[in-house]
Amino acid sequence: MILIFKKDATEEDIQSALRKIEVLGYTPHLSRGAVKTICGVTGDDRALDESEFDQMPGVESVLRVLKPYKLASREFHPDPTRIPVGGVSIGPGSFAVIAGPCSVETEGQVESSAELLQHCGLKLIRGGAFKPRSSPYSFQGLGEQGLQILSAAAKRHGLTVVTEVLSEYDVDLVSRYAGVLQVGARNMQNFALLKALGETRTPVLLKRSMMGTIEELLLSAEYIMKGGNPHVILCERGIRTFETETRNTLDIGAVPAIKRLSHLPIIVDPSHAMGTWHYVPAASMAALAAGADGIIVEIHPNPPEAKSDGKQSLNYPHFEDLLTRLKDLAPHLGTAVN
Ligand code: PEP
Ligand code: MN
């Protein structure tokens, strides 16, 4: 349920509505927008009657939210959310380029990526230390040593770390090094992990699973937000279809759909969507054109030697070319690359 307040509602009107929601055993979520002040109500509100509120002073109208997710919905929060991380505000008006290797391999490899990002004026570096590999025989990542390498290079170059956390038991450890905690596609519905992330206040990059619907993605975001962490960035990274030329199928339509359904920022991962570096620049440009709030892209100093995902990693010259093209297009779309 949502209470929409009148323009001339007083602070006392608003506070007494909030008190009433709490007295009835529900949780109020106040959102003071530029145009409207509204208050979402969470809890099992099936037994709650609109008439409890619609005659209260200051209340203009009361609406039911039919969607199963609430805190993540546009109805609860009509203005878009911007999430500040490492000097970048992820959300409308900015197109964040998060780049770095698939896996942290060596100090030299990460240092060269960090140096390049700083040179390009970017602020966010990605890199996996705990890797969710389909095969147990594939490189599993360097673990905490990888986090140390990544965060040391990030510090030297004024960058913030975006890195994956695989399990709820690792949240504290990974939070010591990361500015953004990434939930990988394979963990989108790891509810124990989502609940643990709800207890932190660190921004979470939540990737859509390869077989997850948009609604399921938003429900997973809801788990994190319900726990008290409102800082969720969504990520479209391709879904599984019958097509085999690309690793996954980039569901570019998810970007405008999520923009309409949710106030949360949505970025695109063109690397895992396409699976082949040749297609990554076009998918990145499409993300910008579709209204995404950024991309997370894999780069490597020597892709053929990469321990994971070399085939889809851009080498540095190709990455710099892509950045030039994104920077050229962004102002035409009312945004700026950062
Ligand atoms: C990654 O970004 O390193 C990754 C493993 O991606 P995904 O979870 O989307 O497969
Ligand atoms: Mn990868």
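Residues numbered from 1 in each chain as written. Chains lettered and ligands numbered in written order. Predicted model: local features only at pLDDT ≥ 70, side-chain atom pairs only at ≥ 80, totals over all residues. Heavy atoms only, no water.

A few points about the overall build of the chain
Now for step 1: A tally of regular secondary structure across the chain gives 10 helices and 14 strands.
Now for step 2: The C-alpha extent of the chain, read off along each of the three principal axes, is 65 × 45 × 45 Å.
Now for step 3: Partitioning the intrachain contacts of the chain with sequence separation of at least 6 by distance along the chain shows that 69% fall at a separation of at least 24.
Now for step 4: Taken as a whole, the chain presents about 14,500 Å² of accessible surface, with 52% of it coming from carbon and sulfur.
Now for step 5: Within the chain, the 39 negative side-chain charges are centred at a point lying 1 Å from the centre of the 34 positive side-chain charges. (Helix = DSSP H or I, 4+ residues; strand = E, 2+ residues; numbered from the N terminus. Contact = heavy atoms within 4.5 Å. Areas by Shrake-Rupley, 256 points an atom, 1.4 Å probe, with all protein chains shown as cover. Lys, Arg positive; Asp, Glu negative; His and termini not counted. Charge placed at Lys NZ, Arg CZ, Asp CG, Glu CD.)

Focus: the pairing of strand β2 (residues 27–32)
Now for step 1: Bridge count for β2 against strand β3 (residues 37–42) is six bridges, and the pairing is antiparallel. If you follow P28 over to β3, its bridge partner there is V41.
Now for step 2: Linking β2 to β3, which pair antiparallel, is a turn of four residues. (Pairing = 2+ DSSP bridges.)

Concerning the site of ligand 1
Now for step 1: Residues in contact with ligand 1, as listed here, are R126, K131, P132, E164, Q182, G184, A185, R186, K207, R237 and H272.
Now for step 2: In this structure, an oxygen atom belonging to ligand 1 sits 3.0 Å away from a side-chain N or O atom of K131.
Now for step 3: Contact between ligand 1 and Q182: an oxygen atom at 2.9 Å from a side-chain N or O atom of the residue.
Now for step 4: Isolated, ligand 1 exposes 300 Å² of accessible area, and the fraction of that covered by the protein chains is 97%.
Now for step 5: In the shell around ligand 1, the residues fall into two nonpolar, three polar and six charged. (Near = heavy atom within 4 Å. Polar contact = N/O pair within 3.5 Å; in protein donor to acceptor, adjacent residues only side chain to side chain. Nonpolar A, V, L, I, M, F, W, Y, C, P; charged D, E, K, R; others polar.)

Side note on the pattern of salt bridges
For side chains bearing opposite charge, pairing can occur when the charged atoms are close.
Now for step 1: Tallied over the entire structure, the rule returns 14 salt bridges.
Now for step 2: A salt bridge links E75 to K67, with the nearest nitrogen and oxygen atoms 3.0 Å apart.
Now for step 3: Relative accessible area serves as the criterion here: at 26%, K67 is assigned to the partly exposed category.
Now for step 4: One network of salt bridges, in which partners are shared, links D45, E50 and R64. (Salt bridge = Lys/Arg side-chain N within 4 Å of Asp/Glu carboxyl O. Buried < 20%, exposed > 50% of the residue type's maximum accessible area, 1.4 Å probe, protein only.)

Examining the domain arrangement of the chain
Now for step 1: Considered domain by domain, the chain is made up of domain 1 (2–63) and domain 2 (83–333).
Now for step 2: A straight line from the C-alpha centre of domain 1 to that of domain 2 covers 37 Å. (Domains from an automatic or database assignment.)

Things to note about the state of the cysteines
Now for step 1: Tallied over the entire structure, the rule returns zero disulfides.
Now for step 2: For the unlinked cysteine C120, the closest cysteine sulfur is that of C102, found at 20 Å.
Now for step 3: Note on C120: relative accessible area 10%, which makes it buried. (Disulfide = S-S within 2.5 Å.)

Quick word on the environment of R247
Now for step 1: Position of R247 relative to the elements: it lies in the loop between β12 (232–236) and α7 (254–261).
Now for step 2: Remark: the alpha-carbon pair of R247 and P57, spanning 190 residues in sequence, is separated by 56 Å.
Now for step 3: Residues within four places of R247 in sequence aside, it is in contact with R186, H272, A273, M274, G275, D309 and Q312.
Now for step 4: A distance of 2.8 Å separates the side chain of R247 from the side chain of Q312, its partner in a polar contact.

Focus on the side chain of E236
Now for step 1: If you trace the backbone, E236 turns up in strand β12.
Now for step 2: The class of E236 is buried, set by a relative accessible area of 1%.
Now for step 3: Looking at E236, its side chain comes within polar contact range of the side chain of R208, at 2.7 Å.
Now for step 4: There is a polar contact of 2.8 Å between the side chain of E236 and the backbone nitrogen of G238.
Now for step 5: In this structure, E236 is in contact with R208, T249, L250, D251, A254, I266, I267, V268 and D269, ignoring residues within four places of it in sequence.

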